[in-house]
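# Chain and residue survey
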Amino acid sequence: MMISSYLYLLSPIDFVLLIEFNIIEEMHERRNDILKSKMNQLFKDQKSVHVLYSYNEMENYIKQVLNFIQDGIAAGDYIILIENDRIYPIIHKELSTRLTKDQMEFIHFVNNFDFYCSSGSYHPPAIEEYFNKTVQSYVDNKISFRSWAHVEWATMEEPLHIIEDFERTVDEA
């Protein structure tokens, strides 16, 4: 009875828009579920995988980070989260509601500014050295880990050649 009186207040156009919005939302959720499933299978099948994830909306970015971390921990992996110090508290707060205290111990935070600019600017050899130092104890102890690194640029066009060079370097690592 309450639903029908609510629907009665909507005009036919509003009702159609509501239905269309729900359909679009469901399509996005299905697409994200399929993508998540394929990514998890990829991580399971190949232990050394590198993925470049481009995003436009912060909300979607944070959802992807949260899923990546939760899926990694569920798979028994440690997480190296290279993130900026403005977004990290948001991610940490949400994770603390989803994970146990013991699971939170699987996450190692690295400030992305320190990581990418340890030599004073974006310099791939210095970044690679910093990354190797960060993961060395995991590698030495044969501990499975995943890393998520947030690279921040004002535009994709400006540093595209630098990113492409670095992506090739990371793919070979």
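Everything in this summary refers to the structure shown in the same document. (Residues numbered from 1 in each chain as written. Predicted model: local features only at pLDDT ≥ 70, side-chain atom pairs only at ≥ 80, totals over all residues. Heavy atoms only, no water.)

### Here's the deal with the pairing of strand β1 (residues 78-83)
Using the following cut-off: Using a 1.4 Å probe on the protein chains alone, a residue whose accessible area is under 20% of its type maximum counts as buried, one over 50% counts as exposed, and one in between counts as partly exposed. We count a stretch as a helix when DSSP gives it H or I for four or more residues in a row; a strand needs E for two or more, and each element gets its number in order from the N terminus. Pairs of strands are assigned from DSSP output, requiring at least two bridges between the strands.
Counting buried residues along β1, 5 of its 6 residues qualify, which places the element largely inside the surrounding structure. Looking at chain direction, β1 and strand β3 (residues 145-149) are connected through 5 bridges and run parallel. Following the sheet pairing, Y78 is matched in β3 by F145. Both β1 and strand β2 (residues 107-111) contribute to a ladder of 5 bridges, which runs parallel. Residue pairing for β2: I79 is matched across the bridge by I107.

### Topic: the environment of I79
For the record, the criterion: Between two residues, a contact is recorded if the distance between any of their heavy atoms is within 4.5 Å.
Its location among the elements puts I79 in strand β1. A relative accessible area of 0% places I79 in the buried class. Sequence-wise, I79 and M104 are 25 residues apart; in three dimensions their C-alpha atoms are separated by 9.6 Å. Each residue touching I79, except ones within four places of it in the same chain, is listed here: F68, I69, G72, I73, F106, I107, H108 and R146.

### Details of the sheet that holds β2
As a general point, the strands of a sheet are linked pairwise by backbone hydrogen bonds and lie either parallel or antiparallel. Heads up, the rule is: Only C-alpha atoms enter the line fits that serve as axes; for helices the fit covers just the stretch in contact. Angles between N-to-C directions range over 0 to 180 degrees.
The strand order β2-β1-β3 describes an open sheet built from 3 strands, whose pairing is parallel. Every interior strand has two partners, whereas the edge strands, β2 and β3, have only one. Averaged over all neighbouring strand pairs, the angle between strand axes comes to 15°, with direction disregarded.

### Remarks on the pattern of salt bridges
Stated precisely, the cut-off is as follows: Salt bridges, as used here, are contacts in which a Lys or Arg side-chain nitrogen is within 4 Å of a carboxyl oxygen on Asp or Glu.
Going through the model one piece at a time under the given rule, you end up with 4 salt bridges. For the salt bridge of D77 with R146, the shortest nitrogen-to-oxygen distance reads 2.7 Å. A residue pair is termed long-range when its members are at least 10 positions apart, and D77 in the loop between α3 (58-74) and β1 and R146 in strand β3 qualify at 69 residues. The pair D77 / R146 is uniform in exposure class, with both members buried. Among the salt bridges present, the one from E94 reaches R98, with a minimum N-O distance of 2.9 Å. In this pair, E94 and R98 both sit in helix α4 (residues 88-98), 4 residues apart, roughly one turn of the helix. Residue classification places R98 among the partly exposed positions, given a relative accessible area of 37%.

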